[in-house]
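Structural description and commentary
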Amino acid sequence: MPKLNRFLAATLASCALAVSSASAALFNFSYSFDDGTTVTGSLSGDQNGQFVDNVAGVTFSINGIVFADPVYTFAFDSGSGTYAAGPIVSFDLAQNNFAFATSDLASFDFSYNYLFSILGTATGANTVTAYTFDPYVGSQEVTDTPARWSLTLAPVPEAGSTLALAGLALLGLVASRRFRR
């Protein structure tokens with residue numbers, strides 16, 4: 001019985017740790033261009049009304065072309081015409097101001113192989129751009145169709161589901177021990 005108590009304590013502790021360690025949410029995004037080019041990807045961050053703050057862990061593909069290069073994230077400063085840290089990602093297409101690229105645009109390194117940016121009406125640019133150079137795919141258009149932009153919270157199992165599964169596993173263990181006796 002002491003082994004069962006230790007197992008139960010370890011299971012409950014690991015479930016509590018798993019529940020408490022989840023802070024940022026995972027979001028999926030996509031954009032479809034007039035010419036058929038499609039960008040899909042994911043990012044993590046904290047939802048704040050119509051915006052996602054603390055954006056990190058960005059991945060994206062263009063027409064299904066997946067790449068392993070690190071992704072840098074930026075916002076466009078329309079006053080200076082430069083890129084800076086702190087992308088603005090929104091559920092509303094017009095409020096977006098971000099560039100995801102495989103080079104450090106803030107340091108004027110424009111040697112990226114992959115780029116996806118939405119500079120919404122708030123920036124004055126009002127464009128959506130996607131480029132990949134291996135193989136070459138390039139699309140750019142005015143951000144006039146909000147229905148083409150999708151940003152959704154990725155489905156994640158609730159903490160209660162994890163605890164319920166742990167409880168069922170524990171009941172199964174207890175039942176199998178009783179059955180052996």
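Quantities reported herein were computed from a predicted structural model and do not represent experimental measurements. (Residues numbered from 1 in each chain as written. Predicted model: local features only at pLDDT ≥ 70, side-chain atom pairs only at ≥ 80, totals over all residues. Heavy atoms only, no water.)

A tally of regular secondary structure across the protein chain gives two helices and eleven strands. If you list the helices and strands of the protein chain from N to C, you get α-β-β-β-β-β-β-β-β-β-β-β-α. Within the protein chain, buried positions represent 34% of all 181 residues. For the protein chain, restricting intrachain contacts to residue pairs at least 6 apart in sequence, the fraction spanning at least 24 positions comes to 47%. When the accessible surface of the protein chain is split by element, carbon and sulfur atoms take 58% of a total near 10200 Å². (Helix = DSSP H or I, 4+ residues; strand = E, 2+ residues; numbered from the N terminus. Buried < 20%, exposed > 50% of the residue type's maximum accessible area, 1.4 Å probe, protein only. Contact = heavy atoms within 4.5 Å. Areas by Shrake-Rupley, 256 points an atom, 1.4 Å probe, with all protein chains shown as cover.)

Within the secondary structure layout, Thr-123 lies in the loop between strand 8 (114–119) and strand 9 (127–133). On a C-alpha basis, the gap between Thr-123 and Phe-76 in space is 7.3 Å, while along the polypeptide they are 47 residues apart. Not counting the four nearest positions on each side in its chain, Thr-123 is found in contact with Ser-78, Asn-96 and Asn-97.

Before going further, it helps to examine the sheet that holds strand 3 (residues 51–62). Within the open sheet, the five strands sit side by side as 6-3-2-1-11. Their pairing is antiparallel. Of all strands in the sheet, those bounded by a partner on one side alone are strand 6 (89–90) and strand 11 (149–153). As defined by bridge partners, strand 1 (residues 25–32) adjoins strand 11 across five bridges and the pair is classed as antiparallel. Bridging across to strand 11, Tyr-31 finds its partner in Trp-149. (Pairing = 2+ DSSP bridges.)

Next up on the list: the pattern of salt bridges. One pass over the full model with this rule turns up one salt bridge. Of the charged contacts in the structure, one is a salt bridge between Arg-148 and Asp-34, with a shortest N-O distance of 2.2 Å. Highlighted residues: Arg-148 in the loop between strand 10 (136–142) and strand 11 and Asp-34 in the loop between strand 1 and strand 2 (38–48), separated in sequence by 114 residues. (Salt bridge = Lys/Arg side-chain N within 4 Å of Asp/Glu carboxyl O.)

Looking at where Val-71 falls in the secondary structure, it is placed in the loop between strand 3 and strand 4 (72–77). Considered as a pair, Val-71 and Val-58 are 13 residues apart in the sequence and their alpha carbons are 6.4 Å apart. The contact partners of Val-71, leaving out residues within four places of it in the chain, are Val-58, Phe-60, Phe-100 and Ala-101.

Looking now at the pairing of strand 4. Across three bridges, strand 4 lies against strand 7 (residues 97–101) in antiparallel orientation. Each residue of the ladder has a partner; that of Tyr-72, found in strand 7, is Ala-101. Here strand 4 pairs with strand 5 (residues 82–84) via three bridges, running antiparallel. Across the sheet, the residue bridging to Asp-77 is Thr-82, located in strand 5. Hairpin connection between strand 4 and strand 5: a loop of four residues separates the two successive antiparallel strands, and Gly-81 in this loop has a positive phi of roughly 70°.

In this section: the side chain of Thr-37. As for its position among the elements, Thr-37 is in the loop between strand 1 and strand 2. A relative accessible area of 5% places Thr-37 in the buried class. Excluding anything up to four places from it in sequence, Thr-37 contacts Tyr-31, Ser-32, Ile-62, Asn-63, Val-137 and Ser-139.

Here the protein chain averages 80 in pLDDT, and 72% of its residues register 70 or above. Low pLDDT, under 50, characterises residues 12–22; the stretch is placed with four contacts to residues that sit more than four places away or in other chains. (pLDDT = per-residue confidence, 0-100.)

All right, on to the packing of aromatic side chains then. Counted under the stated rule, the structure contains 16 aromatic pairs. Ring geometry for Phe-27 and Phe-91: centres 6.1 Å apart, planes at 70°, overall edge-to-face. In this pair, Phe-27 sits in strand 1 while Phe-91 sits in the loop between strand 6 and strand 7, placing the two residues 64 residues apart along the sequence. Residue class for Phe-91 comes out partly exposed when judged on its relative accessible area of 25%. In this structure an aromatic cluster arises from ring pairing among Phe-29, Phe-60, Phe-67, Phe-98, Phe-100, Tyr-114, Phe-116 and Trp-149. (Phe/Tyr/Trp six-rings, centres within 6.5 Å; stacked < 30°, edge-to-face > 60°.)

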